[in-house]
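# A closer look at the structure
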Number of protein chains: 2
Amino acid sequence: MKQRSTRARADDVRQRLRAALLQGRYAPRQRLIEAELAEEYAVSRFVIRNVLHQLEAESLVEVQPHRGARVRELSLAEALEITELRQSVEGLIAARAAERISPAQIDGLQRLGRAMADAVEGGELVRYSESNAALHASLREIAANATATALLERLNAQMVRHQFMLSLIPGRPRVSLPEHLDIIVAVCAHEPAAAESAMRRHIGSVLRAIAESDAAGSRAPGMPGPAKGMAAAP
Amino acid sequence: MKQRSTRARADDVRQRLRAALLQGRYAPRQRLIEAELAEEYAVSRFVIRNVLHQLEAESLVEVQPHRGARVRELSLAEALEITELRQSVEGLIAARAAERISPAQIDGLQRLGRAMADAVEGGELVRYSESNAALHASLREIAANATATALLERLNAQMVRHQFMLSLIPGRPRVSLPEHLDIIVAVCAHEPAAAESAMRRHIGSVLRAIAESDAAGSRAPGMPGPAKGMAAAP
DNA sequence: CTTGCTCATATTATCAACAATTTTTGCGCA
DNA sequence: TGCGCAAAAATTGTTGATAATATGAGCAAG
């Protein structure tokens, strides 16, 4: 097989830089200097420049004329706005999933539900968080609305810095597990309206958790540093 | 005052090219060749290149490695997906608007409602279409969710090619006017739930209109050519 | 007549150097 | 010491040239 050299480099750099941003390897508001990044990723400034402008379109960085790029900082207000939006759109996803789910997919979702319950039972919080991300991803796939899926993935990427490891908040899994199970039941029962309202209740509780955890201490418990490639909101 | 030469040019070109795309000055699937556009807009290829990549992020063009940019074509399926998404998000906007609307804003909205009714009464379809866009824009402003607003504006831009002048469909205004008035009443009465469901019903009917008009003849009545900077969905 | 291949051409992707702009530093002066 | 200003440094914006890739035409073989 042939290497796909050139564009691969730009795209590759874009993905690597995005991953680094999502992992929090650069601090919010930190300046992203083209020359430095060019050296770090072993490409020319030209490539870095283009990548930064593309990431601006994803709202991951801010670029100001002649002043360069910075890591975009998310205010609490914005985080809440985004989560409100997620509440609507995830609701849509849940409803469509309930309409379209197939028997095989029902099986998969129920298995996921049991895995989540087991994880909470056994106190395996990381696994719970992973299953949670998997659940939301499955629903997106079942709902089969590519536009909405792309949007949610973008919103989640922006949120990573704010909501990482929400499930490490003491008592949080006890709240969110039943919410998740409600969603699964409604979707598997082909009940769009119930699925939508279950999802809305769930993300409503996420909204409150974000507001509170951010009010409490600007860093949620359990993790002073950046999240390590951790997944979306529980 | 000094000219802000460099970036201003890039931003300017971006807006002009976007406007041209929204007006349909380039056909769907048409290749957008960097060198040609560079000459057309009297800037260097470099600027065009960046602009094209930014417009890709807005889903107005598609860029493939080594194959360049094309005008993105919207399938009916995608148009319906986008409108479904709009249904959710506009619903959110309506609900928040109902929560936050001020007395002065209530006045403005009611005035808009009367203007719409008058326009339909007098058969002034273009004015009706403009008022419709103004209504949705007002609601976005009242709801004050910048993230959702930006999203809706992006989605509307993508839809322009598909939904232009939906209000020219015979009988359409008679259907959509009462829907609009319902929304206004609910929002002005500070009833979020009612406002949301009124908005959902409205965009539900837009959904059906799009599906039907596209099924009937691939070009909606009244306009064989591109829309002229016309506004969002009625 | 169609299919597959090679080469010429068009186009994009990248690079390195240069120009323009902003930010910082250092200095003179009150 | 603190302030204003000018030069220097750092950084971004732009250009033209070059490399890499895709596309299409022409030709040979089935």
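Please read these numbers as outputs of a predicted model, since none were measured by experiment. (Residues numbered from 1 in each chain as written. Chains lettered and ligands numbered in written order. Predicted model: local features only at pLDDT ≥ 70, side-chain atom pairs only at ≥ 80, totals over all residues.)

### Observations regarding the overall build of chain A
Applied cut-off: Runs of H or I in DSSP of at least four residues are treated as helices and runs of E of at least two as strands, each being numbered from the N terminus. Placing a C-beta atom from the backbone of each residue, one calls two residues in contact when those atoms lie within 7 Å.
Of the regular secondary structure elements, chain A holds nine helices and three strands. Counting helices and strands in the order they occur from the N terminus, chain A gives α-β-α-α-β-β-α-α-α-α-α-α. Within chain A, contacts between residues at least 6 apart in sequence are counted, and of these 77% link residues at least 24 apart.

### Some remarks on the relation of the copies chain A and chain B
Quick reminder of the rule: Copies are brought into register by a least-squares superposition over C-alpha atoms of residues with pLDDT of at least 70 in both.
Screw-axis analysis of chain A against chain B gives a translation of 0.2 Å along the axis, an RMSD of 0.2 Å, and a rotation angle of 180°. Each copy turns onto its partner about a two-fold axis.

### A few points about the pairing of strand β2 (residues 61–64) of chain A
Cut-off, in case you're wondering: Should DSSP find at least two bridges between two strands, the strands are taken to pair.
Alignment of β2 of chain A against strand β3 (residues 68–71) of chain A, held across four bridges, turns out to be antiparallel. Looking at β3 of chain A, one finds that V61 of chain A is bridged to V71 of chain A.

### Looking at the pairing of β3 of chain A
Taken together, the two bridges between strand β1 (residues 31–32) of chain A and β3 of chain A define a ladder with antiparallel strand orientation. Each bridged residue has a counterpart across the sheet, and for L32 of chain A the counterpart in β3 of chain A is A69 of chain A.

### Notes on unusual backbone geometry
The residue R29 of chain B is not glycine, and still its phi comes out positive at about 70°. With respect to the helices and strands, R29 of chain B occurs in the loop between α1 (5–22) and β1 (31–32).

### A closer look at the interface of chain A and chain B
Where we set the bar: In this classification, Asp, Glu, Lys and Arg are treated as charged, Ala, Val, Leu, Ile, Met, Phe, Trp, Tyr, Cys and Pro as nonpolar, and every other residue, Gly included, as polar.
Across the boundary between the two partners, chain A contributes 22 residues, which contact 21 residues of chain B. Those elements that place two or more of their residues in the side of chain A that touches chain B are α3 (45–57), α4 (76–100) and α7 (146–163) of chain A. Across the side of chain A that touches chain B, the residue classes tally to nine nonpolar, eight polar and five charged.

### Things to note about helix α5 (residues 103–121) of chain B
All names here are of chain B. To be explicit about the condition: Here the expected span of a helix is defined as 1.5 Å times the quantity of residues minus one. Exposure is read from a count of other C-beta atoms within 10 Å of each residue's own; the residue is exposed at 12 or fewer, buried at 20 or more and partly exposed in between. C-beta atoms are placed from the backbone. The arc in question is formed by the directions pointing from the helix axis toward the C-beta atoms.
For α5, with 19 residues, the first-to-last C-alpha span of 27 Å sits near the 27 Å given by 1.5 Å per residue. Every buried residue of α5 is accounted for by L109, M116, A119 and V120. Down the axis of α5, the sector holding all buried residues measures 95°, keeping them to one side. Facing away from the buried side of α5 by over 90 degrees, the exposed positions are P103, A104, D107, R111, R114 and E121. Where the residues of α5 are buried, they touch α6 (125–143) and α8 (172–188). Count one or two residues on from α5 and you reach G123, which has phi positive near 70°.

### Digging into α6 of chain B
For an α-helix the count is 3.6 residues per turn, leaving residues at separations of three or four pointing the same way. All names here are of chain B. With 19 residues, α6 should reach 27 Å at 1.5 Å per residue; the first-to-last C-alpha distance of 27 Å fits that figure. Among all positions in α6, only Y128, S129, S131, N132, L135, H136, L139, R140, I142 and A143 are buried. Here the buried face of α6 lies against α4 (76–100), α5, α7 (146–163) and α8. Just downstream of α6 lies A144, where phi reads positive at about 55°.

### Side note on the nonpolar core
Applied cut-off: We define a nonpolar core as a collection of buried residues of the types Ala, Val, Leu, Ile, Met, Phe, Trp, Tyr and Cys that are connected via C-beta atoms lying within 7 Å of each other.
In terms of nonpolar packing, the biggest core is built from 67 residues, with A94 and V187 of chain A together with A94 and V187 of chain B touching the most fellow members. Setting aside residues up to four positions removed in sequence, A94 of chain A forms contacts with L139, I183, V187, A195, E196, A198 and M199 of chain A.

### Considerations on the sheet that holds strand β2 (residues 61–64) of chain B
The strand order across the open sheet built from three strands is β1-β3-β2 (chain B), with neighbouring strands paired in antiparallel fashion. The sheet is open, and its two borders are formed by β1 and β2 of chain B, each paired with just one other strand.

### Points about the confidence of the model for chain A
All names here are of chain A. The line we're drawing: Each residue carries a pLDDT value, the predictor's own confidence for that position, ranging from 0 to 100.
Taken over all residues, the pLDDT of chain A has a mean of 88, while the share at 70 or more is 87%. In the predicted structure, residues 1–7 sits below a pLDDT of 50 and forms two contacts with residues beyond four places in sequence or in another chain. For residues 217–233, every residue scores under 50 in pLDDT, and the model assigns this stretch 37 contacts once sequence neighbours within four places are set aside.

### Focus on the sheet that holds β1 of chain A
Pairing between sheet strands relies on hydrogen bonds along the backbone, with the strands arranged either parallel or antiparallel. Residue and element names in this part refer to chain A. Rule in force here: All axes are obtained by fitting lines to C-alpha atoms, using only the stretch in contact for helices, and the reported angles, taken between N-to-C directions, cover 0 to 180 degrees.
An order of β1-β3-β2 is seen for the three strands of this open sheet, with the pairing classed as antiparallel. Among the strands making up the open sheet, the edge pair consists of β1 and β2. Taken strand by strand, α3 contacts β1, β2 and β3, and its axis lies near 115° from that of β2.

### Focus on the environment of R114 of chain B
Residues and elements named next belong to chain B. Take R114: it is sitting in helix α5. According to the C-beta neighbour criterion, R114 is exposed, with 12 such atoms within 10 Å. When the C-alpha positions of R114 and L181 are compared, they lie 8.8 Å apart, and in sequence the two are 67 residues distant.

### So, the packing of α4 of chain A against helix α8 (residues 172–188) of chain A
Residues and elements named next belong to chain A. Spelled out, the test is: Should an angle fall under 35 degrees it is taken as roughly parallel, and over 145 as roughly antiparallel, whereas 65 to 115 is taken as roughly perpendicular and any remaining angle as oblique.
Their axes nearest at 7 Å, the elements α4 and α8 cross at an angle of 40°. It follows that α4 is oblique to α8 by the angle criterion. Contacts from A94, A97 and A98 in α4 reach I183, A186 and V187 in α8.

### Concerning the environment of R161 of chain B
All names here are of chain B. Position of R161 relative to the elements: it lies in helix α7. The class for R161 is buried, based on 20 C-beta atoms found within 10 Å. Counting along the chain gives 17 residues from R161 to P178, while the straight-line C-alpha distance between them is 25 Å. Apart from the residues within four sequence positions on either side, R161 is in contact with G24 and L74.

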